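In case you want the letters, here they are:
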Amino acid sequence: MAAIFSPSSPVISSSATTTACKTPTKPPHSSLFTSTKQSLTSLLTATLATTTLLTASPSLAEPAQTYHIYYGTAASAANYGGYGGNSDKKASAEYIYDVPDGWKERLVSKVEKGTNGTDSEFYNPKKRTEKEYLTFLAGFRQLAPKDAVLNNLALSDVDLQDLLASADKVASEEKKDDKGQLYYVYEIDGVGSHSLISVTCANNKLYAHFVNAPTPEWNRDEETLRHVHESFKTVQ
């Protein structure tokens, strides 16, 4: 009977105790969360790279206009083209001015040279009325008053007559180069066109350099047209 009533072993086993007291472990990160984080990182990296490329990419604007120098001889009609004179224009040049690369030269006839004094002319092949040209008259030792000079030039230039007749504004000023040579500078703003004119006297001649353009071309190419206008000068 004593064996029957002896204390029995504890009901809770060691394995159960261990399980009950075991500290729960932190569940692992979800693979979906990790994948999403990597995707966001890749997206941000790609966005930053694209932004950098767009910022550093070169401008798609048109390249800057380039020019070449024209050497004018202001030779008489008898010596036009080198006949009876020096055919090397650079060696015998009396004036120079810049010509935009891509512009074409219009050959001036002896008759035209002899009647209105046109010595050279270049034009934009995309718009022939956008042009620059030079006229000269012999027998002038000095410039007359500005208004008189402009009116006298118009006598032999029909286009200039029409431009002056319809002009909204005519501005004029005097300038001197680094050698002290005097130039008259005119700017004529017409209804449908614009003109820049530079006039000076040297070598006993009067030289007049014209830059003309219709208003749309003037608005588009003003920087180029002003450059060629300011590039004109006589060679002493």
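In this report, the structure presented in the accompanying data block is examined. (Residues numbered from 1 in each chain as written. Predicted model: local features only at pLDDT ≥ 70, side-chain atom pairs only at ≥ 80, totals over all residues. Heavy atoms only, no water.)

1. Considering the sheet that holds strand E9 (residues 205-214)
Here is step 1: The strand order across the open sheet built from seven strands is E3-E4-E5-E9-E8-E7-E6, with neighbouring strands paired in antiparallel fashion. Unpaired on one side and paired on the other, strand E3 (104-105) and strand E6 (169-176) mark the two borders of the sheet.
Here is step 2: Bridge count for strand E7 (residues 182-189) against strand E8 (residues 193-202) is seven bridges, and the pairing is antiparallel. Across the sheet, residue Tyr-186 finds its bridge partner in E8, namely Ile-197.
Here is step 3: Its contacts with the sheet put helix H7 (residues 215-231) on strand E4 (118-124), strand E5 (127-138), E7, E8 and E9, and the angle it makes with E9 is roughly 150 degrees. (Pairing = 2+ DSSP bridges. Helix = DSSP H or I, 4+ residues; strand = E, 2+ residues; numbered from the N terminus. Contact = heavy atoms within 4.5 Å. Axes fitted to C-alpha atoms, helices over the stretch in contact; angles between N-to-C directions.)

2. Digging into the nonpolar core
Here is step 1: Within the largest apolar cluster, 19 residues are counted, with the highest numbers of intra-cluster contacts made by Tyr-95, Tyr-97, Leu-134, Tyr-207 and Phe-232.
Here is step 2: Elements with a contribution of two residues or more to this core: strand E2 (95-100), E5, E8, E9 and H7.
Here is step 3: Listed in part, the 17 residues of the second largest apolar core include Leu-150, Cys-201, Leu-206 and Ala-208. (Core = buried A, V, L, I, M, F, W, Y, C linked by side-chain atoms within 4.5 Å. Buried < 20%, exposed > 50% of the residue type's maximum accessible area, 1.4 Å probe, protein only.)

3. A word on unusual backbone geometry
Peptide bonds are trans in most cases, and residues, glycine excluded, mostly fall at negative phi.
Here is step 1: Its identity as a non-glycine residue notwithstanding, Ala-74 has a phi of 50 degrees, on the positive side.
Here is step 2: Relative to the helices and strands, Ala-74 resides in the loop between strand E1 (67-72) and helix H3 (89-92).
Here is step 3: With a phi angle near 65 degrees, Asn-204 is a residue other than glycine that sits in the positive phi range.
Here is step 4: Examined against the element boundaries, Asn-204 turns out to sit in the loop between E8 and E9.
Here is step 5: Residue classification places Asn-204 among the partly exposed positions, given a relative accessible area of 42%.

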